Amino acid sequence: MRYYAMIKYCCSSTTASGSSISIISEAQTQDAKVNEIPAFCKEEVSFLSISKDKRMAATLGLISMLCCVMLFPRLHAVILYTESNSSSSPIANLTLNPEKLKLTWDSSVTVTEYICSMKVGKRVVWKTVYNKTCMFSMSQAKPIHKGALFQVQATYNHTFYSGEGRFIPQGKNGTSVENFSCVIYNISFMNCTWEAGRNAPEDTQYFLFWQYSKEEDEQECPHYVRDAPGRHIACSFQDVKDIKNTVYFLVNGSSNESEIQFYDEYIALYEIEKLTPPLNITVSCSEDRAECIVQWKWPQLSHLEGNGDGCFEYQIDIQNKKTNANPKESCNECPTVTETSYTFQNYNGEKKYSLQIRAKGDTCRISQNWGEWSEPIEFGTDGNPDDAVLTYETVLLLIALGTILVALVIFFLCKRYCSLKKLFSPVPQPKNKFGELFQISDKNIQREWMDLPPTKYETEEITTVEEIK
């Protein structure tokens, strides 16, 4: 029977608060109690394949290995090391640094060439090295939150030898973050979002780390976004550089109720960039030829070196403004071009049009997702007479309402603060000289009439004289 030595310890940061070493059989590794890890601390478990008569030597080796394992407390996992069946295998003391994806081993003989591999699911990455160290780069690495198998192979005296380390994540299923995604916008800003695991306890708190290369140390999220209960659900980054590179993201968690599974992913930053709209869009129309020439420049990118011609594909959305239709996220009928110009045919000068353009990567290391639409640019004229009449009537109505409103304001102000007599003084009239003759009361007229003497009538004789010839 093959035996394994197990290290199990609790640690805070990079110092161990306690450790224990025990020898278990291969069958015992399937026992749930072996994989059970207390929730009040971060732990890691490592295994080393040994034979029964080498327990003491393995124990001493495991004690020295403990310092190395404690350097990565953020990964909760079991690492199971095994060797080939030959007892004289030159490959010994195989060690895996899971955060650096670095394999190291000892060899009792001189071997000029080793082949190391990393297998995640059905994907296998092979690498040939000429020393006793194998490190997988960002471009070669694969996420290991679902487990991975690391292997070293060598041939000596026509005999094949191998050693392997199986990385087995620990924690309760369904506690790692879900729907993890990141997006870069406005050239250098990045947001990463996630959802809590469906089986994560309520007190679970998540932490995001990222790493530009395996040679560099991981950096924690600078600005967390919290939900109502205070749990981290997103992270915002500013001044993101080297967008053309691949970055490693790691999200782990902690809880007082159970151990939380970690989640990791490798993302090429340029693939998640939301491109800005094309720049300097211009439209030149000709009614004689019934066409318009649209020209623009490629979007601004922080990692684009040299000329951007041929790196982009553009989508043009031109609509009759009368329809008032906004560009859709999926514009299947919109024409696409790879040049920075487009000829719009069947132009009607009596209509008004709205133009918007967006871009995505075509051949260069640029995001293959459609970017932001540009702001609408209008061109043409609206020659609809009904609209012109409607506009004229609207203007007249506004003028009438404004006049009435101004008149009412003046009236109320004058009523409040002015005197109408002062404001509208009477016009002076010429003096009526005959007015005094009629300023006699009815009584005086009656009295004067009564005092008049009686009228005497006299007889008047009329003599007619006729001339006789």
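Residues numbered from 1 in each chain as written. Predicted model: local features only at pLDDT ≥ 70, side-chain atom pairs only at ≥ 80, totals over all residues. Heavy atoms only, no water.

Per an unreviewed UniProt entry, the protein is named Colony stimulating factor 2 receptor subunit alpha, and its organism is Gopherus evgoodei. One UniProt comment on the protein, placed under Subcellular location (unreviewed entry), says "Membrane". (UniProt positions renumbered as here; feature names shortened; annotations may be inferred.)

Undergrad: A description of the pairing of strand β14 (residues 205-211) should follow, citing residues and the corresponding values.
TA: By the criterion of burial, β14 is predominantly enclosed, with 6 of the 7 residues buried. In terms of strand pairing, β14 meets strand β18 (residues 246-254) through 7 bridges, oriented antiparallel. When the bridges of β18 are listed, F207 appears paired with N252. Where β14 and strand β15 (residues 219-220) come together, 2 bridges link them in antiparallel fashion. If you follow F209 over to β15, its bridge partner there is E220. (Buried < 20%, exposed > 50% of the residue type's maximum accessible area, 1.4 Å probe, protein only. Helix = DSSP H or I, 4+ residues; strand = E, 2+ residues; numbered from the N terminus. Pairing = 2+ DSSP bridges.)

Undergrad: Give me the side chain of S176: which residues, what numbers.
TA: With respect to the helices and strands, S176 occurs in the loop between β11 (159-169) and β12 (178-185). Note on S176: relative accessible area 15%, which makes it buried.

Undergrad: Give me unusual backbone geometry: which residues, what numbers.
TA: We note that H158 has phi near 60 degrees; this positive angle belongs to a residue other than glycine. For H158, the position within the fold is in the loop between β10 (148-156) and β11. With a phi close to 50 degrees, N280 is a non-glycine residue in the positive phi region. Relative to the elements of secondary structure, N280 occurs in strand β20 (residues 279-286). The exposure class of N280 is exposed, given its relative accessible area of 52%.

Undergrad: Outline the sheet that holds β14, supporting the account with residue identities and numerical values.
TA: Taken in spatial order, the 4 strands make up an open sheet running β15-β14-β18-β19, and their pairing is antiparallel. A single partner strand is all that each edge strand has here, and the edge strands are β15 and β19 (263-268).

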